[in-house]
Amino acid sequence: MSYRKERARTAGRSPDIGRLAGLTVAELELDAADGTGPRILPVPGGPPLETAPPDGDGRRFFALVRLRGRPVGTVVGRVREGDDPASVLARQAADEIVVPDAPERPPAGEIPRATVVVATRERPAQLARALDSLLAQDHPDFEIVVVDNAPVTGSTRELVTSAYAGRGVRHVVEPVPGLASAHNRGVAAATSEVLAFTDDDVVADPHWLTALTRPFGDDPRTACVTGLILPARLTTPAQILLESHGGFAKGFTARDHDPAHPPPDEPLFPFTAGRFGSGANMAFRAGPLRAIGGFDPATGTGTPAGGGDDLYAFVRLLAEGYPLHYTPEAIVWHHHRERWGDLCAQAYGYGVGLTACLTALLVRRPALLPPLLARLPQGLAHARTMTAPRATDTSGPGGVPGAHGTYTYPWPRHLSRLERRGLLYGPLGYVRARLALRRAARPRAER
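The numbers attached to residues start from 1 for each chain and follow its sequence in the written order. A pLDDT threshold of at least 70 governs which residues receive local features in this predicted model, and a stricter bar of 80 or more applies before side-chain atom pairs are shown or counted, although totals over entire chains, interfaces and linings include all residues. Based on all heavy atoms of the structure, the side-chain values leave hydrogens and waters out of the count.

K.L.:
Describe the pairing of strand 13 (residues 324-334), with residues and values.
P.N.:
Accessibility here uses a 1.4 Å probe with only protein chains present; expressed as a share of the type maximum, an area under 20% marks a residue as buried, one over 50% as exposed, and anything in between as partly exposed. In DSSP terms, a helix is any run of H or I states spanning at least four residues, a strand is any run of E spanning at least two, and both are numbered starting from the N terminus. Strand 13 sits mainly inside the fold: ten of its eleven residues count as buried. Any two strands are treated as partners once DSSP identifies two or more bridges connecting them. Both strand 9 (residues 202-204) and strand 13 contribute to a ladder of three bridges, which runs antiparallel. Of the residues in strand 13, the one forming a bridge with Val-202 is His-334. Where strand 11 (residues 255-257) lies against strand 13, three bridges are found, and the strand directions are antiparallel. Considered in strand 13, the bridge of His-257 is made with Leu-324.

K.L.:
So what's going on with a nonpolar patch on the surface? Residues and values would help.
P.N.:
Taken together, the side chains of Leu-369, Leu-373 and Leu-376 define a hydrophobic patch exposed on the protein surface, amounting to about 260 Å² of accessible area. Checked against the element boundaries, Leu-373 lands in helix 11 (residues 369-374). Distance thresholds for patches are 9 Å for like charges and 5 Å for nonpolar side chains (Val, Leu, Ile, Met, Phe, Trp, Tyr), applied to residues having over 30% relative accessible area and no salt bridge. Surface exposure here means Shrake-Rupley accessible area, sampled with a 1.4 Å probe, where a residue is shielded only by the protein chains that are shown. The salt bridge criterion pairs a side-chain nitrogen of Lys or Arg with a carboxyl oxygen of Asp or Glu, the two atoms within 4 Å.

K.L.:
Got a sec to walk through the confidence of the model for the protein? Specific residues and values, please.
P.N.:
Summary statistics for the protein give a mean pLDDT of 85 and a share of 82% for residues scoring 70 or more. Confidence per residue, as judged by the predictor, is encoded in pLDDT with a range of 0 to 100. Every residue pair with non-hydrogen atoms within 4.5 Å of one another is taken to be in contact. Throughout residues 1-16 the model reports pLDDT below 50, and contacts reaching past four residues in sequence, or to other chains, amount to 22 contacts. Per-residue pLDDT stays below 50 along residues 393-400; that stretch engages in 18 contacts with residues further than four places along the chain or on separate chains.

K.L.:
An account of the packing of aromatic side chains is requested, with residue identities and associated values reported.
P.N.:
Put simply, two rings from Phe, Tyr or Trp (the six-membered ring, in Trp's case) pair if the centres are within 6.5 Å, and we call them stacked under 30 degrees between planes, edge-to-face over 60, tilted for the rest. Inspection of the entire model under this criterion finds five aromatic pairs. Note on Phe-284 and Phe-295: the rings are 5.7 Å apart at their centroids and 85 degrees apart in plane angle, and the pair reads as edge-to-face. Pair noted here: Phe-284 is in strand 12 (residues 282-285) and Phe-295 is in the loop between helix 8 (286-291) and helix 9 (309-319), with a separation of eleven residues, a long-range link. The exposure class of Phe-284 is buried, given its relative accessible area of 0%. Under the relative-accessibility criterion, Phe-295 is labelled buried at 1%.

Structure follows, in C-alpha cells:
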C-alpha cells in the first residue's frame, strides 16, 4: 500500500493514546538570583502556566530544569491542586537529576558576528513570532535574513518590509522549492563569517545566538555548532508522541564530535548524523560550509526527498575532517505539529530524509561508500530499534516524554510502518528530487 493510500485510510484516526493527556511546559530555575528559592516560569512562546486544566488529580508538568541559568535536565511530574509547582518539581529534580560540575571553559574568544537565516513559506504569523524572539537576542552583532521560499503570495514580503523595516531583517526570495535551496540562498545573501539557521516554528531563548556562536570564537577548528531543541507545547497526543519518540533534544552535556577522535560509544560514526543536532538549531562557519557546496538542493522539506539537508551537511563536514560541537546552552522552543495526520507525515518524512541523505552523500562523495558498507549491519540494527513500535500501556508513567533517545516510550505500530516505508523510499525520493531540479534548470525553450 502506498504512503498516500495508507495516510488516507487512517486520516483523522489515531491509535488508543488516550493516556497521553496534555502537559504544562515550563522552566524551573532551582536557584533564583534573588534568593527566593526555586522559581517556575512559562517557556518563551508557550502558554501561561494557568491555562492547562487539571485532570482530576492535579496538573502534569514537563519542565526544563536550570541551575543558575544553565540547563541541566528535564522532569515530568504531577502537581496536586494547592501545592506549589516550583517546590514539588524542585524536589523531584533533586532526586532524578545528577547535576554535573560545570566544565572549565578556556578563556572565551571573541563572539563572532552572525547571520541568522530563517527559511519560510506562507506562514507570516509563525514567522513574526520567531522574528520577535530573534530580535530580542543578547548577541552583540548580528543580522537576520528571511528566505521566502517559492512564495505564492506577498504575505511574507509584506510582513518583513513593513513590521520589521529598519530592524536588521532582510527579505530575499528563493523560487526553487525546498528547504536546502532556501538555505543555500541564505548562505549566498549572508555577510557574516558565522551562519546560524533556525525555523519559523520556533521561539529562541534570548541567549540562544550568543551560546550557539561562542564556540566558533573559542576554537578556530570548529565548523558547526548545534543546540538544544525543546517543545514549546505538549497539548495534543501527536505532540506528546513526537517528544516521547525522542523529539529533537540531544541531551544536556556539551559534546565534541571530532573525526580525528571518533567517539567509542558511536560505532556508526559519522553516519549517525541525527545524534549531532537538527536544522532548527544549527550554525556553521561560512568557509567550510561553502567549500562543501552548501546544502544538497535535492534534500530537505519541500522536495521529494522530504528531509535530510541538515544531516547531509553534518556528515559532509565530518568527512572533510572538521569537528562539530553540541551545546545545550543554545536553546530554541519548537512548536511540534498538533494533528495526528501531520505526525504521520512527519514519521514518514523521518525515514525518507535519512536514507535520502545517505544517498546524497554517496552520490556527491563516493569515497564514503566503503566506510558506510562497513557499518551497514549495525546501521540496519539501529534502524530497526529506532523505528520499532512500542505500546502506550507499557511506557512508564502515563506514556510521557522521558530520557531522549532511549526508544522506550510509546510509538504506535502505524507510525513505525510509515517510518520504515520512508526508509525504503528515501533513495528513490532523492533521485526524483534531482530530476526535478534538472527540469527546473532547463531553459523554457528546451522543455
